[in-house]
Amino acid sequence: RAMQQRFGCSGNSKDLEDAATFGHNSINASEAEHVTCPTALMFYGDILEERYEACGNPDDMAEATRLCREAVNACPIGHPLRPRALNTLGLVCRRRLQLMSEVAAAEEAITLHQAARTAPELPHSELSRSCRYLADTHRWLYTFDGNENHVEEAIALYKEALDHIPPNASERAAVLENYSL
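The sections below set out a description of the structure shown in this document.

Cut-offs and rules
- Residues numbered from 1 in each chain as written.
- Predicted model: local features only at pLDDT ≥ 70, side-chain atom pairs only at ≥ 80, totals over all residues.
- Heavy atoms only, no water.
- Helix = DSSP H or I, 4+ residues; strand = E, 2+ residues; numbered from the N terminus.
- Contact = heavy atoms within 4.5 Å.
- Disulfide = S-S within 2.5 Å.
- Salt bridge = Lys/Arg side-chain N within 4 Å of Asp/Glu carboxyl O.
- Buried < 20%, exposed > 50% of the residue type's maximum accessible area, 1.4 Å probe, protein only.
- Patch = residues over 30% accessible without salt bridge, like charges linked within 9 Å, V, L, I, M, F, W, Y side chains within 5 Å.
- Areas by Shrake-Rupley, 256 points an atom, 1.4 Å probe, with all protein chains shown as cover.
- Core = buried A, V, L, I, M, F, W, Y, C linked by side-chain atoms within 4.5 Å.
- Phe/Tyr/Trp six-rings, centres within 6.5 Å; stacked < 30°, edge-to-face > 60°.

### Quick look at the overall build of the protein
If you tally the helices and strands in the protein, you get nine helices and zero strands. Going residue by residue from the N terminus, the α and β elements of the protein occur as α-α-α-α-α-α-α-α-α. When contacts within the protein are restricted to residue pairs at least 6 apart in sequence, those whose partners lie at least 24 apart make up 52%.

### Some words on the state of the cysteines
Tallied over the full model, the rule gives zero disulfides. In this model Cys 37 remains outside any disulfide bridge; the closest cysteine sulfur is found in Cys 75, 8.6 Å from its own.

### Comments concerning the pattern of salt bridges
As enumerated under the stated definition, the model contains 12 salt bridges in all. Of the charged contacts in the structure, one is a salt bridge between Arg 96 and Glu 102, with a shortest N-O distance of 2.8 Å. Owing to a relative accessible area of 26%, Glu 102 belongs among the partly exposed residues under this scheme. Linked through salt bridges whose partners overlap, the residues forming this network are Glu 49, Glu 53 and Arg 95.

### Some words on a nonpolar patch on the surface
Taken together, Val 103, Trp 140 and Phe 144 make up a surface patch of nonpolar side chains, about 230 Å² in accessible area. Relative to the helices and strands, Phe 144 resides in helix H7 (residues 124-145). A relative accessible area of 34% means that Phe 144 is categorised as partly exposed.

### What to know about the nonpolar core
Side chains of nonpolar character tend, in soluble globular proteins, to be buried together. Membership of the largest hydrophobic core comes to 23 residues, with the highest contact counts inside it found for Ala 85, Leu 89 and Cys 93. Among the elements of the structure, helix H3 (36-55), helix H4 (58-73), helix H5 (82-100) and helix H6 (103-117) are those that each provide at least two residues to this core. If we ignore the near neighbours within four places in the chain, the residues touching Leu 89 are Thr 65, Cys 68, Arg 69, Val 72, Glu 108 and Leu 112. The next biggest cluster of nonpolar side chains, apart from the first, holds 17 residues, and it includes Leu 141, Ala 161, Ile 165 and Val 175.

### Some details on the side chain of Glu 49
Within the element layout of this structure, Glu 49 appears in helix H3. In this structure Glu 49 comes out as buried when scored by relative accessible area, which is 9%. Contacts of Glu 49, omitting those with residues within four sequence positions, involve Met 61, Ala 64, Val 92 and Arg 95.

### What about the environment of Asp 59?
Within the secondary structure, Asp 59 is located in helix H4. A residue is classified by how much of its surface remains accessible, and Asp 59, at 56% relative accessible area, is exposed. Along the chain, Asp 59 and Glu 49 lie 10 residues apart, while their C-alpha atoms are 9.8 Å from each other.

### A word on the packing of aromatic side chains
A complete count under the given rule lists one aromatic pair for this structure. Ring plane angle 50° and centroid distance 6.4 Å describe the contact between Tyr 158 and Tyr 179, whose orientation is recorded as tilted. Highlighted residues: Tyr 158 in helix H8 (residues 148-163) and Tyr 179 in helix H9 (residues 171-180), separated in sequence by 21 residues. Judged by relative accessible area, Tyr 158 falls into the buried class, the value being 1%.

The following block contains the structure:
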């Protein structure tokens, strides 16, 4: 992640290319059954999504989506990383709405975030994040279709997210900001 972060600060495309190379190598180094494999898939998918944003190659977004789907498939129901994998794929789908105007991808994102939110293995600490991602997706979808039900759903989900965040937690400010928009 360090190379990806440096790209975010410097904008140097070599950093992003190096991050993509390291991400690809981390998948090759992970065994399919090993617990880090889904994490490596999600990490590499995140890098490719960022590279799509920077360079505009649709193949990068398609590969990011494929990798995140593979991460979900590597986490059967009951796997501790399944909610995170569902949310990560949901975020990639939402980015497809934001960057490529793919409304169907946003509908898939809602389904994925909802599945993460209700997953039996979801750690309590992740519940607010799942609610927030779901609410953010509804908000974005509203900007595309104007359906006010998305706004109402987003408000209810932000409220639910706040109910699961301690009063002094730093993430509370971001949820409150989105809740008020």
